[in-house]
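Close look at the chain arrangement
So you can see what is in the structure, the chains are spelled out below.
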Amino acid sequence: MRLGTMEILLILVLALVIFGGGKIAGVGKALGQSIREFKNEVKSDDKAEEKAEKKDADSEKKGE
């Protein structure tokens with residue numbers, strides 16, 4: 001079952017009527033912050049992994 005343009009538009013209008021513009025803007029802002037924080041955490045985890053791998057490789061070279 002696929003949603004067409006009219007169905008999506010109807011859902012958005014109903015959400016606007018039910019919650020109001022201010023509430024929807026707040027939800028959008030919170031969602032954007034959550035996505036931004038998630039991306040930052042993923043990047044920091046990747047950097048930590050790269051540092052650990054580099055450190056392991058350096059210690060293996062010194063051990064040889």
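This write-up is about the structure you can find in this document.

Calculation criteria
Residues numbered from 1 in each chain as written. Predicted model: local features only at pLDDT ≥ 70, side-chain atom pairs only at ≥ 80, totals over all residues. Heavy atoms only, no water. Helix = DSSP H or I, 4+ residues; strand = E, 2+ residues; numbered from the N terminus. Rg over C-alpha atoms; globule rule 2.2 N^0.38 Å. Buried < 20%, exposed > 50% of the residue type's maximum accessible area, 1.4 Å probe, protein only. Patch = residues over 30% accessible without salt bridge, like charges linked within 9 Å, V, L, I, M, F, W, Y side chains within 5 Å. Areas by Shrake-Rupley, 256 points an atom, 1.4 Å probe, with all protein chains shown as cover. Salt bridge = Lys/Arg side-chain N within 4 Å of Asp/Glu carboxyl O. Lys, Arg positive; Asp, Glu negative; His and termini not counted. Charge placed at Lys NZ, Arg CZ, Asp CG, Glu CD. Contact = heavy atoms within 4.5 Å. Expected span 1.5 Å × (residues − 1).

The next point concerns the overall build of the protein. In terms of helices and strands, the protein carries two helices and zero strands. For 64 residues, the compact-globule estimate of 2.2 N^0.38 gives 11 Å, and the C-alpha radius of gyration of the protein, at 23 Å, exceeds that figure by more than 25%. With the C-alpha coordinates of the protein rotated into their principal frame, the extents come out at 70 × 30 × 10 Å. Across the 64 residues in the protein, those meeting the buried criterion constitute 0%.

On to a positive patch on the surface, then. A cluster of like positive charges, contributed by R36, K39, K43, K47 and K51, occupies part of the molecular surface. Mapped onto the elements of the fold, K43 is located in helix α2 (residues 21–63). Given a relative accessible area of 54%, K43 falls into the exposed group.

Among the secondary structure elements, A15 is positioned in helix α1 (residues 5–19). Remark: the alpha-carbon pair of A15 and E37, spanning 22 residues in sequence, is separated by 26 Å. Setting aside anything within four residues of it in sequence, one finds A15 in contact with G20 and I24.

This part covers α1. An ideal rise of 1.5 Å per residue puts 21 Å on 15 residues; α1 measures up with 21 Å between its terminal C-alpha atoms. Remark: G20 follows α1 within two positions and exhibits a positive phi of approximately 90 degrees.

Moving on, we get to the environment of F19. Note that F19 resides in helix α1. Separated by ten residues in sequence, F19 and L9 have C-alpha atoms that sit 15 Å apart.

A few words on a nonpolar patch on the surface. On the surface, L10, L14, L16, I18, F19 and I24 cluster together to form a nonpolar patch covering roughly 600 Å² of accessible area. With five residues, the single largest contributor to the nonpolar patch is α1.

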